[in-house]
Amino acid sequence: MDNQVEDLALLLKSISHPIRLKILCLLQDKELTVSEIRKEVATSGANISQHLNIMRNRGIIGSRKEANFIYSSIADERIIELMKTMKQLFCTIA
């Protein structure tokens, strides 16, 4: 059980940055390129790439290359469910 708790803590730590949460919100419904994410998040492409790499290293997101574009998407279905739940709990308009 301790290993599971530690793994979960690392996973949550790797998504807890505001930019990473924004990226995951964007990737819930479709895969996107770095430039598409950059436009929505309003930060540099290098910054987006750093955040994507952190999540890619944890297995949270995956990528595929098509022509000159690299598309990112959520690779772990549990993250999609987690994001949906967090949206329902914390992003409702009162």
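For the structure itself, look to the data block above.
Because the structure is a prediction, the values reported are computed rather than measured.

By the secondary structure assignment, Ile48 is in helix α4 (residues 45-57). Residue Ile48 is classed as buried on the basis of its relative accessible area of 0%. Separated by 15 residues in the primary sequence, Ile48 and Ser63 have C-alpha atoms spaced 14 Å apart. Residues contacting Ile48, with those up to four places away along its chain left out, are Ile19, Ile23, Val34, Ile37, Arg38, Val41 and Thr43.

What follows concerns the nonpolar core. By size, the foremost hydrophobic cluster in this structure holds 18 residues, and its most contacted members are Ile23, Leu24, Ile37 and Ile60. Counting residues per element, this core draws most heavily on helix α2 (residues 18-27), at four residues. Aside from chain neighbours lying at most four places away, what touches Ile23 is Ile37, Val41, Ile48, His51, Leu52 and Met55.

Cut-offs applied
- Residues numbered from 1 in each chain as written.
- Predicted model: local features only at pLDDT ≥ 70, side-chain atom pairs only at ≥ 80, totals over all residues.
- Heavy atoms only, no water.
- Helix = DSSP H or I, 4+ residues; strand = E, 2+ residues; numbered from the N terminus.
- Buried < 20%, exposed > 50% of the residue type's maximum accessible area, 1.4 Å probe, protein only.
- Contact = heavy atoms within 4.5 Å.
- Core = buried A, V, L, I, M, F, W, Y, C linked by side-chain atoms within 4.5 Å.

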